[in-house]
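Structure assessment
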Amino acid sequence: MRWLDPAPFLRGTAWLDEADDGRVAVRAAPDVLPRLPWDTAQRAALPIGVRLEFTASPGTRAVEIRYRTAVPEGGRDHADGEAGPDGRHGDGADALRALGHCFALWQGDRCVGETCTKPEDGAGETAITLELPEARPGPFTVHPPEALGPVILGVRAVGGGIVPAAPRPRWVVHGDSITEGWWSTRPAHAWPAVAGRMLGVDAVNLGYAGSARGELPVAEQLAALPAELLTLAFGTNCWSGTPHSAPLLYETVRAFVALVRRGHPDTPLLVVSPLLRPDAEATPNALGATLSQLRTAMEEAVRDLVAAGDARLSLLPGRDVLRPEHLVDGLHPDDTGHARIAAAVARALRPYAGRGESPHQPE
């Protein structure tokens, strides 16, 4: 069977950029890219959250995926200058090379198969085969190895046939490395992916590790991107990466939301304030603000906007979502922590996903 264009099968895509051998899923608008900070642009080159979704006809034994890999230079660096997990895996690049390129096949909330290859270091083009469970038409989801920057070039069925899964409401999530999914053991375990499955929506992950400091060009990107639901989950890098004072973050949040609202005046928008970070809670940054004070400023900004009339804006206070034992390195959650974030976000959005209604109001 001939190779099929992968674009109709792709989900979690924000933008598709034209390349010589097809369209590449990117996480920054090509026309806005020159205005973004360097670290944001670097992370936007990684296809975090991008996946394939399809259903299979009777007799389909497997699906083949042709792809090439090319990790963007600098894509593994944390903005704070510290060596972070290689996209997801805490043991870094050596662990990924030993593991190989793993494609995970999911049906609903279960992983039903995984295929890993062990190519040589560096970019290259190859294909993998994922066996499908017998007598199951799907829909199926394939999560590629995001950290290696895979570009999907083609898909095809082995026996039978496959068609793209039905589209679902789009949920656009913006945040930092926690939203990207750092220290989750697989892409499917990152909290936006888990919450997306819970809600039955198409999660579009615009998490930028080391970034997400309220950059206004990012807000303009969000304003122009189609979405039925929106979530903002940033703030911890406003304590460290680019220090903010509490008044500065208050005004930044108001400005960020105002720009998003230019394109989404009535879209339900959930703001998640900074999650627990024990070393920062009571420690002043370079401008004298603790993370606790920054969190309060962010929450006050949201509450004031709601009081001013934004009935479709809501708040999920992040302080108590996680406990210290859920943090692998004092900042990034493990799989259990990601699951807890996903559950909290899903509880806030579940009554409204796909219905165009507002999440609960902040208390």
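Residues numbered from 1 in each chain as written. Predicted model: local features only at pLDDT ≥ 70, side-chain atom pairs only at ≥ 80, totals over all residues. Heavy atoms only, no water.

1. Focus: the sheet that holds strand 5 (residues 62–69)
Reading across the sheet, the 3 strands line up as 8-5-10 and stay open at both edges, with antiparallel pairing between neighbours. For this open sheet the edge positions go to strand 8 (124–131) and strand 10 (150–158), each flanked by a neighbour on one side alone. Each adjacent strand pair in this sheet contributes to an overall mean axis angle of 20°, direction not counted. Direction of pairing for strand 5 relative to strand 8: antiparallel, over a ladder of 8 bridges. The residue bridging Tyr-67 from the neighbouring strand is Thr-126, located in strand 8. (Pairing = 2+ DSSP bridges. Helix = DSSP H or I, 4+ residues; strand = E, 2+ residues; numbered from the N terminus. Axes fitted to C-alpha atoms, helices over the stretch in contact; angles between N-to-C directions.)

2. Considerations on the packing of helix 6 (residues 246–263) against helix 7 (residues 291–307)
For the pair helix 6 and helix 7, interaxial distance at closest approach is 8 Å and the crossing angle is 40°. One finds that helix 6 runs oblique with respect to helix 7. The crossing of helix 6 and helix 7 is right-handed. Along its contact with helix 6, which presents Ala-246, Leu-249, Tyr-250, Val-253, Arg-254 and Val-257, the element helix 7 presents Gln-293, Leu-294, Ala-297, Met-298, Glu-300, Ala-301, Val-302, Asp-304 and Leu-305. (Parallel < 35°, antiparallel > 145°, perpendicular 65-115°, else oblique. Left-handed = near helix turned anticlockwise from the far one by under 90°. Contact = heavy atoms within 4.5 Å.)

3. Some points on the confidence of the model for the protein
On average, residues of the protein score 88 in pLDDT, and 86% of them reach the 70 mark or higher. Predicted confidence for residues 73–99 stays below pLDDT 50, and this span has 53 contacts to residues more than four positions away or in other chains. This stretch, residues 355–363, has a pLDDT under 50; its non-local contacts, to residues over four places away or in other chains, come to 30 contacts. (pLDDT = per-residue confidence, 0-100.)

4. What to know about the nonpolar core
One finds Val-172, Leu-206, Leu-232, Val-253, Phe-256 and Leu-313 to be the most contacted residues of the largest nonpolar core, which totals 47 residues. Broken down by element, the residue count for this core peaks at 8 residues, all from helix 7. Among the nonpolar cores identified, the runner-up in size contains 28 residues, and Ala-203, Leu-229, Leu-316 and Ala-342 belong to it. (Core = buried A, V, L, I, M, F, W, Y, C linked by side-chain atoms within 4.5 Å. Buried < 20%, exposed > 50% of the residue type's maximum accessible area, 1.4 Å probe, protein only.)

5. Brief notes about the packing of aromatic side chains
Enumeration over the complete set of coordinates arrives at 4 aromatic pairs. Seen in terms of ring centroids, Phe-54 and Phe-140 are 5.5 Å apart; in terms of plane orientation they differ by 35°. Their pairing is tilted. Placement of Phe-54 in strand 4 (residues 51–56) and of Phe-140 in strand 9 (residues 140–143) is noted, with a sequence separation of 86 residues between them. When its relative accessible area of 2% is taken as the criterion, Phe-54 is described as buried. (Phe/Tyr/Trp six-rings, centres within 6.5 Å; stacked < 30°, edge-to-face > 60°.)

6. Some details on the state of the cysteines
The full count for this structure, using the stated rule, is 1 disulfide. Cys-111 carries a free sulfur, and the closest cysteine sulfur to it, the one in Cys-116, is 9.7 Å from it. For Cys-111, a relative accessible area of 39% puts it in the partly exposed group. (Disulfide = S-S within 2.5 Å.)

7. Overview of the pattern of salt bridges
Per the stated rule, a full pass over the model turns up 17 salt bridges. If you follow the salt bridges from partner to partner, you end up with Arg-51, Glu-53, Arg-168 and Asp-202 in one network. (Salt bridge = Lys/Arg side-chain N within 4 Å of Asp/Glu carboxyl O.)

8. As for the sheet that holds strand 16 (residues 313–316)
Strand order in the open sheet formed by 5 strands is 13-12-14-15-16, and the pairing between neighbours is parallel. Where the open sheet ends on each side, the last strands, each with one partner, are strand 13 (202–207) and strand 16. Between one strand and the next, the sheet's axes are offset by a mean angle of 20°, whatever the strand orientation. Pairing of strand 14 (residues 229–233) with strand 15 (residues 269–272), which is carried by 3 bridges, proceeds in the parallel orientation. Across the sheet, residue Leu-232 finds its bridge partner in strand 15, namely Val-271. Set on the sheet, helix 8 (residues 335–349) makes contact with strand 12 (170–175), strand 14, strand 15 and strand 16; between it and strand 15 the angle comes to about 150°.

9. Some thoughts on unusual backbone geometry
In this chain, Gly-138 is followed by Pro-139 through a cis amide linkage whose omega measures 5°. Relative to the assigned elements, Pro-139 resides in the loop between strand 8 and strand 9. Look at Trp-183: it is not a glycine, yet its phi comes out positive at around 75°. Positive phi values are uncommon outside glycine, yet Ala-212 reaches one of about 55°. In this fold, Ala-212 is placed in the loop between strand 13 and helix 5 (216–224).

10. Section: the environment of Tyr-208
The residue Tyr-208 is located in the loop between strand 13 and helix 5 in this model. Tyr-208 sits in the buried class, given a relative accessible area of 0%. Spatially, the C-alpha atoms of Tyr-208 and Asp-39 are 8.1 Å apart, while their sequence positions differ by 169 residues. In contact with Tyr-208, other than residues within four places in its own chain, are Arg-27, Thr-40, Arg-43, Ala-44, His-174, Gly-175, Asp-176, Ser-177, Glu-180, Val-218 and Gln-221. Within the local environment of Tyr-208, its side chain forms a polar contact with the backbone oxygen of Arg-27, the two atoms lying 2.5 Å apart. (Polar contact = N/O pair within 3.5 Å; in protein donor to acceptor, adjacent residues only side chain to side chain.)

11. A look at the pairing of strand 12
Counting buried positions along strand 12 yields 6 of 6 residues, so the element is predominantly enclosed. Both faces of strand 12 are covered, namely the face carrying Arg-170, Val-172 and His-174 and the face carrying Trp-171, Val-173 and Gly-175. By the bridge criterion, 6 bridges tie strand 12 to strand 13 in an arrangement that is parallel. Bridged to Val-172 within strand 13 is Val-204. Both strand 12 and strand 14 contribute to a ladder of 5 bridges, which runs parallel. Across the sheet, Val-172 pairs through a bridge with Leu-230, a residue of strand 14.

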